[in-house]
Amino acid sequence: NDWQIDEWLEKDDRLYGSVHIAAQDRDAAIREIERVGSHPKMVQVLLPIDDIMWGDPFFHPFFEAAEKHHLMIGMHHNEPPVYYGKWPRYFIEWHTLIPTAHMKQVANMIFNGVFDKFPNLGLMMIEGGFTWVPHIMWKMNQQYRDLRHEVPWLKRKPSDIFKEQIRVTTQPAEELTKQEFTSLIEQMGSDEILCFSTDYPHWDYDSPTRALPNMDPE
């Protein structure tokens, strides 16, 4: 984090940083958030998506520290990015299933009450695409109607929590028509959930001029 601040953030006004932590040591991670989280160009705490389900109350002190310093939580998958799983046989399978790892974390954090406990906390799901968002909203809402007695701390519909406190990046974007893209936004019930990303310079990055359909200016 010190290297990031010294060599990048304080040398280029365009750049903002993520607080990197050793997630295996909760107390040390919290101390690191407290140490550098107030830097004006640190904007999020970066957590991996691997074999940890972050909604577990054991990790809530992470979110308390992040909220205190007005930092978002950013999540990006590690390898392999599938909880309970191992490497699949083929890259095509792994790349297809990346969104499932993001869906698991979102549901885990919502149903474990992270966002009711920390109402000013934001979550950014990075590099998991976005076409899965309407489905997980509908599914969580349906389960909440049937099983809300199991999570009495949840005071809002999961879809409302998603719209208010969770954002997702567009990469990797499927090849959508304008009509399909517009329909997805309507199904999400908000045009503020998506944040554009490219994943450049990885070989499978999304072109900023071709990743999303052209939209007529209004």
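Look up a bit, the structure's there.
Note that residues are indexed from 1 along each chain, following the sequence as it is written. Totals for whole chains, interfaces and linings use every residue, but because this is a predicted model, local features are given only for residues with pLDDT of at least 70 and side-chain atom pairs only at 80 or more, for both listing and counting. Based on all heavy atoms of the structure, the side-chain values leave hydrogens and waters out of the count.

A. Up close: the sheet that holds strand E1 (residues 17–20). Spatial ordering of the open sheet is given by E1-E2-E3-E4-E5-E6, a layout of 6 strands whose pairing is parallel. Lying at the two open borders of the sheet, with one neighbouring strand each, are E1 and strand E6 (194–195). Bridging between strand E2 (residues 42–49) and strand E3 (residues 72–77) involves 6 bridges; their strand directions are parallel. Bridged to Pro48 within E3 is His76. Contacts were defined at the residue level, with two residues in contact if any of their heavy atoms lie within 4.5 Å. To get an axis, fit a line to the C-alpha atoms, keeping to the stretch in contact for a helix; angles then go from 0 to 180 degrees between the N-to-C directions. The way it works is that DSSP assigns letters per residue, a run of H or I at least four long becomes a helix, a run of E at least two long becomes a strand, and they are numbered from the N terminus. Where helix H1 (residues 2–9) meets the sheet, its contacts fall on E1 and E2, and the angle it forms with E1 comes to roughly 165°. Strand pairing is defined by DSSP finding a minimum of two bridges between the two strands.

B. The packing of helix H4 (residues 91–111) against helix H6 (residues 133–147), seen in detail. The N-to-C vectors of H4 and H6 enclose an angle of 35°; their axes lie 11 Å apart at closest approach. The way H4 lies across H6 gives a crossing that is right-handed. Between H4 and H6, the contacting residues are Met103, Val106, Ala107, Ile110 and Phe111 on the first element and His135, Ile136 and Met140 on the second. Looking at the contact of H4 with H6 residue by residue, the classes come out as 7 nonpolar, 1 polar and no charged. Handedness of a helix crossing follows the sense of rotation of the near helix relative to the far helix, less than a right angle counterclockwise being left-handed and clockwise being right-handed. Under the scheme applied, nonpolar residues are Ala, Val, Leu, Ile, Met, Phe, Trp, Tyr, Cys and Pro; charged residues are Asp, Glu, Lys and Arg; polar residues are all the others, including Gly.

C. Inspection of unusual backbone geometry at higher detail. With omega at -5°, the peptide bond leading from Gln171 into Pro172 counts as cis. For Pro172, the position within the fold is in the loop between strand E5 (166–169) and helix H8 (178–188). In this structure, Pro201 follows Tyr200 across a cis peptide bond, with omega equal to 10°. Counting through the fold element by element, Pro201 comes out in the segment after E6. The phi angle at Glu127 is positive, at roughly 65°, despite the residue not being glycine. By relative accessible area, Glu127 is classed as buried at 13%. Positive phi outside glycine occurs at Asp199, with the angle close to 70°. Relative accessibility under 20% of the residue-type maximum defines a buried residue, over 50% an exposed one, and the middle range a partly exposed one, all with a 1.4 Å probe and only protein chains included.

D. View of helix H7 (residues 158–165). Of the positions making up H7, those classed as buried are Pro158, Ser159, Ile161, Phe162 and Gln165. Relative to the axis of H7, the buried residues are bounded by an arc of 160° and lie together on one face. Where H7 is buried, its residues meet H4, helix H5 (114–117), strand E4 (123–126), H6 and E5. By construction, the arc corresponds to the directions joining the helix axis to the C-beta atoms.

E. Spatial organisation of the environment of Phe130. Of note, Phe130 is situated in the loop between E4 and H6. Residues Phe130 and Phe118 lie 12 residues apart in sequence; the distance between their C-alpha atoms is 24 Å. Leave out the neighbours within four places in its chain, and Phe130 touches Val168, Thr169, Thr170, Ala173, Leu176, Phe181, Leu184, Met188, Leu194 and Leu212.

F. Looking closely at the packing of H6 against H7. Between H6 and H7, the shortest axis-to-axis distance is 7 Å and the interhelical angle comes to 140°. Relative to H7, the element H6 lies oblique. Residue-level inspection shows Val133, Ile136, Met137, Met140, Asn141 and Tyr144 of H6 in contact with H7, the latter providing Pro158, Ser159, Phe162 and Lys163. Considered class by class, the residues forming the contact of H6 with H7 number 7 nonpolar, 2 polar and 1 charged. Should an angle fall under 35 degrees it is called roughly parallel, over 145 degrees roughly antiparallel, and 65 to 115 degrees roughly perpendicular, with every other angle called oblique.

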